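Summary of the model geometry
Here's the letter readout for the chains.
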Amino acid sequence: MIKIERYEDKIQKELFAKDKSKFTKYINLFVGKKGIFNLLKYEIILILFQDMRGAAGIFFRNLFFPFLFKKVGRGVSFGRSLTIRHPGKISIEDDVVIDDYCVLDAKGNSNKGIYISEHNFIGRGTILSCKNGDIMLGKNVNIGFSCEIFSGSRVIIGENTLIAAYVYIIGGGHAYSRTDIPIAEQEKPSHGIEIEKNCWLGAGAKVFDDVIIGNDAVIGAGAVVTRNIPAFSIAAGIPARVAKSRK
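About the cut-offs
Residues numbered from 1 in each chain as written. Predicted model: local features only at pLDDT ≥ 70, side-chain atom pairs only at ≥ 80, totals over all residues. Heavy atoms only, no water. Helix = DSSP H or I, 4+ residues; strand = E, 2+ residues; numbered from the N terminus. Rg over C-alpha atoms; globule rule 2.2 N^0.38 Å. Buried < 20%, exposed > 50% of the residue type's maximum accessible area, 1.4 Å probe, protein only. Contact = heavy atoms within 4.5 Å. Pairing = 2+ DSSP bridges. Phe/Tyr/Trp six-rings, centres within 6.5 Å; stacked < 30°, edge-to-face > 60°. Lys NZ or Arg CZ within 6 Å of the ring centre and 35° of its normal. Core = buried A, V, L, I, M, F, W, Y, C linked by side-chain atoms within 4.5 Å. Disulfide = S-S within 2.5 Å. Salt bridge = Lys/Arg side-chain N within 4 Å of Asp/Glu carboxyl O.

**Description of the overall build of the chain**
Broken down by element type, the chain carries four helices and 25 strands. Its C-alpha atoms give the chain a radius of gyration of 19 Å, within 12% of the compact-globule value 18 Å for 247 residues. With the C-alpha coordinates aligned to their principal axes, the bounding extent of the chain is approximately 55 × 50 × 25 Å. Within the span of the chain, comprising 247 residues, buried residues form 47% of the whole. Counting contacts in the chain only where the partners sit at least 6 residues apart, residues at least 24 apart contribute 26% of the total.

**Description of the sheet that holds strand β24 (residues 233-236)**
Within a sheet, each strand pairs with its neighbour through backbone hydrogen bonds, oriented either parallel or antiparallel. Read across the open sheet, the nine strands follow the order β3-β6-β9-β12-β15-β19-β22-β24-β25; overall the sheet is mixed. Of all strands in the sheet, those with a lone pairing partner are β3 (77-78) and β25 (241-245), marking the two edges. Of the strand pairs in this sheet, strand β22 (residues 218-219) and β24 are connected by two bridges, and their pairing is parallel. The partner of I219 across the bridge, within β24, is A235.

**Looking at the packing of aromatic side chains**
With the rule as written, the count across this model stands at ten aromatic pairs. Aromatic side chains F49 and F64 sit 4.8 Å apart centroid to centroid with 5 degrees between the ring planes, which places their arrangement in the stacked category. Placement of the pair is F49 in helix α3 (residues 36-49) and F64 in helix α4 (residues 54-64), with a sequence separation of 15 residues. For F64, a relative accessible area of 28% gives the class partly exposed. Centre to centre, the rings of F69 and F78 are 5.5 Å apart; their planes meet at 10 degrees, and the pair counts as stacked. Each member of the pair, F69 as well as F78, is classed as buried. Among the aromatic residues, those joined into a ring-pair cluster are F49, F59, F60, F64 and F67. Its guanidinium or amino end placed over the ring of Y168, K206 lies 5.8 Å from that ring's centre, counting from NZ or CZ. K247 extends its terminal NZ or CZ atom over the ring of F232, reaching a point 4.5 Å from the ring centre.

**Remarks on the nonpolar core**
Counting 52 residues, the largest nonpolar core has F65, I169 and I213 as its most contacted members. It is α3 that provides the largest number of residues to this core, a total of five residues. Setting aside residues no more than four positions away along its own chain, I169 makes contact with E148, I149, F150, V155, I157, I163, I193, I195, L201 and V207.

**Here's the deal with the sheet that holds strand β13 (residues 148-151)**
The parallel open sheet is built from seven strands, whose spatial order is β4-β7-β10-β13-β16-β20-β23. In the strand order of this sheet, the two ends are held by β4 (83-85) and β23 (224-225), each with one partner. Judged from the three bridges that link them, β4 and strand β7 (residues 103-105) form a sheet pairing that is parallel. When the bridges of β7 are listed, T83 appears paired with V103.

**Description of the state of the cysteines**
All chains considered together, the criterion is met by zero disulfides. There is no disulfide at C130, and the cysteine sulfur nearest it, in C102, is 14 Å away. Since its relative accessible area comes to 0%, C130 is described here as buried. Here C147 is not disulfide-linked; the sulfur of C102 is the nearest cysteine sulfur, at 9.5 Å.

**Focus on the pattern of salt bridges**
One pass over the structure, following the stated rule, counts seven salt bridges. Among the ionic pairs, K107 bridges to D105, the shortest N-O distance being 2.6 Å. Owing to a relative accessible area of 14%, K107 belongs among the buried residues under this scheme. Among the residues examined, D105 registers a relative accessible area of 2% and is labelled buried. With a closest N to O distance of 2.6 Å, D180 and R178 form a salt bridge. Residue class for R178 comes out partly exposed when judged on its relative accessible area of 42%. Counted as one network, the salt bridges with shared partners bring together R85, D105 and K107.

Written out as C-alpha cells, the structure is:
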C-alpha cells in the first residue's frame, strides 16, 4: 500500500511549529507518549544508563530498558549509546542483541512501529528509522554494522536473512516531476520493500523503494536494487541485474 506525504511534511511542521513549546515538541518527537510520567521515565532511564560502560552498563540497561518499550522478551541485550524514539511502538522478542550506537526510531502518528523477532543481531551503528511507517524483522535476521533501514510505509525483512555492513534499505523517496517548486517540497511516496526469507545482501548494497527480493536470493556487494529480484537469483551491478540462478 502506497503512502504519500505531501510537501507540508508533518515532522518538519512539528519541528518548526511556533504554536508549540520546545517541551511539547520533544515529547512528540522523542518520547511519543504524552504525560509527565512517561517523560520522566524516558529521561531518567536514558540519562542514568544509556552511556554506562562495561558489564555494569549492560546489566542495568537490560534491567531497566524494557520499561521503555512496548515489549521486550527474554535474553535481550542492549548496547551503549542507543538512540531511542517512540519506544512505546517498538516490540523486541527473545534473544536479540542490539549493539552500541544503534538508532531505533519508530516515530509516526498512525504507524505500528518496529517489530524485531527472536534471535536477531543488529550491528553497531545501524539505524532503523520510521517516518510514519513500519519495520518488521523476521526470525534470525543478522544485520551488519552501519546499515540503515528506512520506512515511510512498510519494510519487511524475512527470516534467516543476512545483511552485510553499509547496506541501505530505503522504503521511500521524493517525487521530482515538478519544476516550479523545490524537490524538498514535493510528494514523498513510499510503496514499501519486502525482502523474503533466506536472502543475503552483500556489503554496500542498496535497495530502493517499491522492490520485492524473492526468497533465497543473493545480492552482490555494492549492487543497487531498483526492481524486483526473483527467488533463488544472484543479482549484481548498478542497477542490479540477475546474473544466474542458484538452482
